[in-house]
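Observations on the model geometry
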Amino acid sequence: MTHPLLDLTPLTAAHFANIERRVAALLSTAQDVVITQGEALLPLEGCIRGVAGPDTTALNVITGPYGQTFGDWLRDCGARVVDLAVPYDAAVGADQVAEALAEHPEISFVSLVHAEAATGNTNPVAEIGRVVREHGALFMVDAVASVGAEPLLPDAWGVDLCVIGAQKAMGGPAGVSAVSVSERAWQRMAANPRAPRRSYLSLLDWKERWIDAGRTALLHAPAQLEMVALQACVERIEDEGLETVIGRHTRAAAATRAGVKALGGGFAPYVREARHAAPVATTLRAPEGVDASELVARALAADPVLPLVAGGGALAKEMIRVNHYGTAAAGSTVHSCLSALGAALTDLTGRSVDPDAARRAATAAWERPAG
């Protein structure tokens, strides 16, 4: 018997290269794009281990848990790390980055997460990129949660290593990712004796054996299902239009913030300022005295498919995350999440909420013209 997920035509090198070109077009980049066969932590670690060593001083911006991970990898490479940590309910400013670079002129590498889905904030990469380029450092951006949810222009913003994943706003699979690599980044890797070689983490292997060789022979058997799914989600974005996809995410974030304020009961946006809030997910502060994990569990018991999760680690008791990304970037998703959270709060505590006011506020925000 045949099966649509099993009996696939072999993926050729030409097909693989065509998918790479379409990903590059999505990023509006003329840089080399390498599609990596694994979740986005693979190219993120590959980038850091490719460029960092004992002679590296790195500025690592921490606005969420992934920034902390980058610092661990950098230190493991022997780099000296200057951490710039900001509260999770805000974003880092270009002025803060400029100040850190001025205090440490030896910094040669900067790592930053564009949008932190885990904490719901987003950082001004374009402004920070100008500061980093003026300083002369290499700039790596984790854009896994931002691609497809907000503008992302690695070339125009001076990003040397831009890592994306398909599993959030792109609405694709988690098992495939990509990174755009500038010529400066390739040169830094080539000069780094500690850069991975003959390794699954090696980006240089892809450059030398795939890109420089004319993209005629793949390094290993491709993850066929994930590649076909990646192609499908890129095609869906192309058909809908990238600006339209971004617009859906922007409206979903605005509608969630507006709706939760009108809902009452003590809910509030976790990220204080709307300009610092990520379009891919909205984080909420649980009402005082209410455990966020219990509240989410009660909401999901009523509707298990809702994109609601409690915060991770120390944030589990205070943070609720509404993951309005991909196909969930829709007004109906926002309304359902707000309604479920309000009902769960009433069930747990007896507090009154106003779901009708929340629906009106969310609808008005969704329908409001952008800008």
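Numbering of residues starts from 1 in each chain and follows the order in which that chain's sequence is written. Totals for whole chains, interfaces and linings use all residues, but because this is a predicted model, local features are given only for residues with pLDDT of at least 70 and pairs of side-chain atoms are given and counted only at 80 or more. Hydrogens and water molecules were not included; the side-chain quantities draw on all heavy atoms of the structure.

Definition in use: UniProt positions are given in the numbering used here, feature names are shortened, and annotations may be inferred rather than shown by experiment.
Identification of the protein chain as Alanine--glyoxylate aminotransferase family protein from Streptomyces albidoflavus is taken from an unreviewed UniProt entry. Of the protein chain, the UniProt comment under Sequence similarities (unreviewed entry) reads exactly: "Belongs to the class-V pyridoxal-phosphate-dependent aminotransferase family." On record in UniProt, under Cofactor (unreviewed entry), the comment for the protein chain is "pyridoxal 5'-phosphate".

**A closer look at the environment of A166**
For the record, the criterion: The helix and strand labels rest on DSSP assignments: H or I over at least four residues marks a helix, E over at least two residues marks a strand, and numbering proceeds from the N terminus. Categorising residues by exposure relies on relative accessible area from a 1.4 Å probe, with only protein chains included: less than 20% of the type maximum marks a residue as buried, more than 50% marks it as exposed, and the intermediate range marks it as partly exposed. Residue contacts are counted whenever heavy atoms from the two residues lie within 4.5 Å of one another.
With respect to the helices, strands and loops of the structure, A166 is situated in the loop between strand 8 (161-165) and strand 9 (177-181). Take A166: its relative accessible area is 2%, and that puts it in the buried class. The spacing of A166 and A223 is 57 residues in sequence and 14 Å in space, taken between C-alpha atoms. Residue contacts for A166: discarding those within four places in its chain leaves G171, G172, P173, V176, L230 and C233.

**A closer look at empty space enclosed by the protein**
Threshold: Lining residues are those with an atom within 4 Å of a point, where the points come from a 1 Å grid over the protein atoms alone and group into cavities, where a 1.4 Å probe fits but cannot get out, or pockets, open sets with protein on both sides within 12 Å along at least five of seven lines. Grid points are joined across faces, edges and corners, and a volume is the space filled by probe spheres set on the points. The classification used treats Ala, Val, Leu, Ile, Met, Phe, Trp, Tyr, Cys and Pro as nonpolar, Asp, Glu, Lys and Arg as charged, and all other residues, Gly among them, as polar.
The full count for this structure, using the stated rule, is one cavity of 30 Å³ or more. Approximately 40 Å³ is the volume attributed to the largest cavity. Lining the largest cavity are V23, I164, G165, A166, M170, V176, S177, A178 and L230. Looking at the lining of the largest cavity, the elements that each hand over two or more residues are strand 8 and strand 9. In terms of residue class, the lining of the largest cavity is built from seven nonpolar, two polar and no charged.

**Looking at the packing of helix 10 (residues 292-302) against helix 11 (residues 331-349)**
Applied cut-off: A fitted line through C-alpha atoms serves as each axis, taken over the contacting stretch for helices, and the angle formed by two N-to-C directions is quoted from 0 to 180°. Angle categories: roughly parallel below 35 degrees, roughly antiparallel above 145, roughly perpendicular from 65 to 115, and oblique for all the rest. Two helices that cross are described as forming a left-handed crossing if the nearer one is turned anticlockwise from the farther one by less than a right angle, and a right-handed crossing if clockwise.
At their nearest, the axes of helix 10 and helix 11 sit 8 Å apart, and the two run at 115° to each other. With respect to each other, helix 10 and helix 11 are oriented roughly perpendicular. Viewed along their axes, helix 10 and helix 11 form a crossing whose handedness is right-handed. Contact residues: helix 10 offers E294, L295, R298 and A299, while helix 11 offers A340, L341, A344, L345, D347 and L348.

**Quick word on the nonpolar core**
To be explicit about the condition: Buried Ala, Val, Leu, Ile, Met, Phe, Trp, Tyr and Cys residues form a nonpolar core when they are joined through side-chain atoms within 4.5 Å.
With 81 residues, the main nonpolar core has V97, L161, I164, M170 and L230 as its most contacted residues. Here this core takes seven residues from helix 1 (residues 13-26), the largest share from any one element. Counting 27 residues, the second-largest nonpolar core is a separate cluster that includes V260, L306, V334 and L338.

**Here we look at the pairing of strand 1 (residues 32-36)**
Put simply, the rule is: Here, any two strands with at least 2 DSSP bridges between them count as paired.
Of all five residues in strand 1, four are buried, a share of seventy percent or more. Across five bridges, the pairing between strand 1 and strand 9 is antiparallel. The residue bridging V33 from the neighbouring strand is S180, located in strand 9.

**Observations concerning the sheet that holds strand 8**
A sheet is described by the order of its strands in space; here seven strands give the open sequence 1-9-8-7-4-2-3, paired in mixed fashion. Here the strands that pair on one side only, and so sit at the sheet edges, are strand 1 and strand 3 (80-85). For this sheet, the mean angle separating the axes of adjacent strands, direction not counted, is 15°. When strand 8 meets strand 9, the two strands line up antiparallel, connected through five bridges. The partner of I164 across the bridge, within strand 9, is A178. The sheet strands contacting helix 7 (residues 203-211) are strand 1 and strand 9, and the helix crosses strand 1 at an angle near 110°.

**A few points about the UniProt feature "binding site: substrate" (unreviewed entry) in the protein chain**
Put simply, the rule is: Residues adjacent in sequence count toward polar contacts only when both atoms are side-chain atoms; beyond that, a polar contact is any pair of N or O atoms within 3.5 Å, and within protein one must be able to donate a hydrogen and the other to accept it.
Sequence positions flagged by UniProt for "binding site: substrate" (unreviewed entry) are, in local numbering, R321. Take R321: it is sitting in strand 13 (residues 319-322). R321 gets classed as buried once you look at its relative accessible area, which sits at 17%. Residues contacting R321, with those up to four places away along its chain left out, are A117, A118, A281, T282, T283, P307, L308 and V309. In this structure the side chain of R321 is engaged in a polar contact, spanning 3.3 Å, whose partner is the backbone oxygen of A117.

**Observations concerning the packing of aromatic side chains**
Counted only if it meets this: Ring pairs are drawn from Phe, Tyr and Trp, using the six-membered ring of Trp, whenever the two centres fall within 6.5 Å, and their geometry is named by plane angle: stacked under 30 degrees, edge-to-face over 60, tilted for the rest.
One pass over the structure, following the stated rule, counts four aromatic pairs. Look at F16 and W210: their rings are 5.5 Å apart centre to centre, the planes differ by 80°, and that puts the pair in the edge-to-face class. With a gap of 194 residues between them, F16 in helix 1 and W210 in helix 7 connect regions that are remote in the sequence. Residue classification places F16 among the buried positions, given a relative accessible area of 0%. Among the residues examined, W210 registers a relative accessible area of 0% and is labelled buried.

**Here's the deal with the UniProt feature "domain: Aminotransferase class V" (unreviewed entry) in the protein chain**
As recorded in UniProt, the sites labelled "domain: Aminotransferase class V" (unreviewed entry) are residues 74-266. Between the end C-alpha atoms of residues 74-266 there is a gap of 40 Å, over a span that is 42% helix and 16% strand.

**Topic: helix 3 (residues 65-76)**
Helical periodicity: at 3.6 residues per turn, an α-helix aligns residues three or four positions apart in one direction. Put simply, the rule reads: For a helix, the expected span equals 1.5 Å multiplied by the number of residues minus one. The directions considered for the arc run from the helix axis to the C-beta atoms.
The end-to-end C-alpha distance of helix 3, which contains twelve residues, comes to 17 Å, matching closely the 16 Å that a straight helix rising 1.5 Å per residue would cover. Inspection of helix 3 places G67, F70, G71, W73 and L74 among the buried residues, and these make up the whole buried set. An end-on view of helix 3 places all buried positions within 165° of arc, on one side of the element. Facing away from the buried side of helix 3 by over 90 degrees, the exposed positions are D72 and D76. Turning to helix 3, the residues buried within the fold contact helix 2 (41-51), strand 2 (57-62), strand 3, strand 4 (109-113), strand 5 (115-116) and strand 7 (138-142). The first or second residue beyond helix 3 is G78, which carries a positive phi of 95°.

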